[in-house]
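Observations on the three-dimensional arrangement
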Amino acid sequence: MMKSIAAVTVAAMLAGVTFAGTAPAAYAQAAAPQAAAQAAMKPNPTGMPSVTSIDALYSGKSWIWSDGAAYFSPNRKFVAWAGSGKDVSYVQGTWWVSPIGWVCFQGMWHANGPSGRNSTCFSHRMGPEQVMYQRKEPGGDWYVFKHAQMMTGDEYAKFKNGDLASAGMMKAKQELKAIRAVSARN
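Position numbers for residues count from 1 along each chain, tracking the sequence in the order it is written. Given that this is a predicted model, residues contribute local features only at a pLDDT of at least 70 and side-chain atom pairs are listed and counted only at 80 or more, while totals for whole chains, interfaces and linings are drawn from all residues. Values shown for side chains rest on all heavy atoms present in the structure; no hydrogens or waters enter the calculation.

Looking at the overall build of the protein chain
Let me state the cut-off plainly: Numbering of helices and strands starts at the N terminus; helices are DSSP runs of H or I of at least 4 residues and strands are runs of E of at least 2. In this scheme, a residue with accessible area under 20% of its type's maximum is buried, one over 50% is exposed, and one in between is partly exposed, where area comes from a 1.4 Å probe on protein chains only.
The number of helices and strands found in the protein chain is five helices and ten strands. Out of the 186 residues in the protein chain, the part that is buried amounts to 44%.

Brief notes about the packing of aromatic side chains
Quick note on the threshold: Pairing of aromatic rings covers Phe, Tyr and Trp, the last through its six-membered ring, and needs centres within 6.5 Å; plane angles under 30 degrees mean stacked, over 60 mean edge-to-face, and all others mean tilted. Note on geometry: a ring has a charge over it if NZ (lysine) or CZ (arginine) is within 6 Å of the ring centre and within 35 degrees of the ring normal.
What the rule picks out here adds up to 17 aromatic pairs. Seen in terms of ring centroids, Y58 and F72 are 5.0 Å apart; in terms of plane orientation they differ by 75°. Their pairing is edge-to-face. Linking Y58 in helix α4 (residues 51-58) with F72 in strand β3 (residues 68-72), this pair joins segments that are 14 residues apart in sequence. Geometry around W95 places R76 over its ring, the cationic atom sitting 4.2 Å from the centre.

Structural notes on the confidence of the model for the protein chain
The test is simple: What pLDDT conveys is the predictor's confidence in a given residue, as a value from 0 to 100. Two residues qualify as a contact provided that any one of their heavy atoms is within 4.5 Å of a heavy atom in the partner residue.
The pLDDT averaged across the protein chain works out to 82; a share of 77% of its residues lies at or above 70. pLDDT under 50 marks residues 1-29. Its contacts with residues more than four places away, or in other chains, come to 47 contacts. Confidence drops under pLDDT 50 across residues 31-40; counting only partners more than four residues distant or on other chains, this segment forms twelve contacts.

Considerations on α4
Short version of the rule: By construction, the arc corresponds to the directions joining the helix axis to the C-beta atoms.
Of the residues making up α4, those classed as buried are I54, D55, L57 and Y58. Down the axis, α4 shows its buried residues gathered within 155° of arc, on one side only.

A look at the pattern of salt bridges
Put simply, the rule is: Salt bridges are counted wherever a side-chain nitrogen of Lys or Arg sits within 4 Å of a carboxyl oxygen of Asp or Glu.
Tallied over the full model, the rule gives four salt bridges. Taking the shortest distance from any N to any O, the salt bridge between R135 and E137 comes out at 2.9 Å. Using a relative accessible area of 6% as the deciding quantity, one classes E137 as buried. A salt bridge links E155 to K158; its shortest N-O distance comes to 3.2 Å. Classification of K158 by relative accessible area gives partly exposed; the value is 28%.

Some thoughts on the side chain of Q134
What counts here: Contacts described as polar in this section are N or O atom pairs within 3.5 Å, which, within protein, must combine one atom able to donate a hydrogen with one able to accept it, while residues neighboring in sequence count only if both atoms come from side chains.
When you line up the elements, Q134 lands in strand β8 (residues 132-137). Since its relative accessible area comes to 0%, Q134 is described here as buried. A distance of 2.8 Å separates the side chain of Q134 from the side chain of Y58, its partner in a polar contact.

Quick notes on the pairing of β3
As a reminder, the rule being used: Strands qualify as paired when DSSP identifies two bridges or more between them.
Counting buried residues in β3 gives five out of five residues, a clear majority hidden from the surface. Going residue by residue along β3, you find G68, A70 and F72 tucked away on one face and A69 and Y71 tucked away on the opposite face as well. Where strand β2 (residues 61-65) and β3 come together, five bridges link them in antiparallel fashion. Note that in β3 the partner of S62 across the bridge is Y71. Pairing geometry for β3 and strand β4 (residues 77-82), over five bridges, is antiparallel. The residue bridging F72 from the neighbouring strand is F78, located in β4.

Laid out in structure tokens, this is it:
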């Protein structure tokens, strides 16, 4: 389903806003750069990568987080999980690439406590030497997402082919169901 530019813009303006709940820390930190050198650097990338090139980076790939993973299916379904025990959470939703170089994903996060709808977007821009930068919207700091020749510290090095998130999401769903059952008995 094609979204209008206006709809994408509105969705982008809402990016990062949590509706009736919160996303887990791993979700919020999914793209937090680790290198101190990157944090000190303030790039201002201006080149716009094509929608096709951005789509190819995400479609059919899993983004591995420190305590979870997300999967961007080719049919635009999005699943993710994070945490364990009382901090476990999961989401099922959708993802898309906007004409302005943003990848957005949204869905209903389920957690031990309040659950709620959450939308998150990341912008992408090209810098010198074909380095792609990424930042969380709205207004996060730019950091290296992917060098022309992949480097170990690239955020994109955490992307793997295939669905490495759905099994973890199903496990998180069962774990959360068990936690809620115990809470209901107490």
